[in-house]
Amino acid sequence: MKEIKALSKILKEKFDISFNNEALLMEAMTHSSYANEHKEMKGIYNERIEFLGDAVLELTISDWLFRQFPHFQEGQLTKLRAQIVCEDSLSLLAKECSLNEYLLLGKGETLSGGREKPAILCDVFEAFIGALYLDKGVNEVQRFLNLVVIPKIKNGRYELITDFKTELQEYLQQNGPVHIRYELVKEEGPSHDKTFTVQLIVDGKKYKTASGKTKKAAEQMAAKLTMEELTKSSLS
C-alpha cells in the first residue's frame with residue numbers, strides 16, 4: 001500500500017519510528033469507510049486499535065503530568081489532561097504528524113472533507129498510539145509523546161489550567177451584566193498549523209489581543225491577559 005509506505009518513510013525521518021509489523025500501522029490508518037469499500041480489508045479498520053490507543057494515551061499523559069507537577073491537585077491535573085487529549089488537540093496533533101495526509105478514507109468520506117474532520121483525525125491519532133504500543137511497547141509511546149506533545153505542554157499550548165473566560169466574566173459582572181465578545185482578528189499559517197488571533201471586547205471597548213493554535217486557546221489567553229490588566233489597575 002503506497003500510502004502506508006510513504007507514511008512509514010515520514011515516521012522514520014521525523015520521529016525515527018520503524019514499525020516491525022506494518023499491518024498494525026495500516027489498521028490504525030484505515031477508516032471504516034475505506035474498509036467498507038475494499039473487500040480485501042476483510043472488515044478491518046481502526047476502531048478497535050483506537051480504543052486501546054485512547055487508554056494508552058491517557059495513561060502516559062497522566063503519568064507525565066503526575067510526575068511533572070507534584071504540587072497540582074487532582075482537579076488541576078484532570079483539567080490539564082483534558083485539554084491535551086481532547087478532540088481539538090488530538091486532531092491538530094494528527095495534522096502536525098502528517099497522519100491526515102495518509103489516512104485511508106472511502107471516496108464519499110474523502111469528498112466530504114474527511115481529512116479535515118476533527119473527530120476522524122482525533123481517532124486516527126489515538127489509533128496510531130495504539131498501533132505503536134502494540135508494535136514497540138509503552139516506552140516507545142512515551143518517546144514519541146516526548147517529541148510531539150511534551151514540548152507543547154512546556155511551551156504553553158496547554159497551560160490554561162484555569163478557565164480564564166469564566167473567571168473574567170464573573171469579575172466583570174460583579175456590578176451588573178456586561179457584553180463580552182471575542183473577535184477573530186486574523187488566522188495565519190497552513191491548514192495543519194494555523195495560528196488564530198482574537199481581541200477581547202467588553203461593552204464595545206477593546207481590551208487585550210492574544211494568539212493561539214485554536215480559537216478557544218486564543219480566547220482563553222486574551223481573557224487571562226485582560227484579567228491581569230484589570231486586577232493590576234485596580235490595585236494601583
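None of the values given here were measured: they were computed from a predicted structure.

Draft legend 1. Region of interest: the sheet that holds strand β2 (residues 195-202). With respect to topology, three strands assemble into an open sheet ordered β1-β2-β3, the strand pairing being antiparallel. The sheet terminates laterally at β1 (180-188) and β3 (205-212), the two strands that pair on one side only. Between one strand and the next, the sheet's axes are offset by a mean angle of 20°, whatever the strand orientation. In the sheet, β1 pairs with β2 via eight bridges, with the strands oriented antiparallel.

Draft legend 2. Looking closely at the UniProt feature "binding site: Mg(2+)" (unreviewed entry) in the protein chain. Mapped onto the present numbering, the UniProt feature "binding site: Mg(2+)" (unreviewed entry) falls at Glu50, Asp123 and Glu126. Their sequence span is 77 residues, while the largest C-alpha to C-alpha distance among them is just 6.1 Å; these annotated residues converge on one region. Locating Glu50 in the fold gives a position in helix α4 (residues 47-68). Under the relative-accessibility criterion, Glu50 is labelled buried at 16%. With sequence-adjacent residues up to four places away left out, Glu50 is seen in contact with Asp123, Glu126 and Ala127. The topology assignment puts Asp123 in helix α9 (residues 118-136).

Rules and cut-offs
Residues numbered from 1 in each chain as written. Predicted model: local features only at pLDDT ≥ 70, side-chain atom pairs only at ≥ 80, totals over all residues. Heavy atoms only, no water. Pairing = 2+ DSSP bridges. Helix = DSSP H or I, 4+ residues; strand = E, 2+ residues; numbered from the N terminus. Axes fitted to C-alpha atoms, helices over the stretch in contact; angles between N-to-C directions. UniProt positions renumbered as here; feature names shortened; annotations may be inferred. Buried < 20%, exposed > 50% of the residue type's maximum accessible area, 1.4 Å probe, protein only. Contact = heavy atoms within 4.5 Å.

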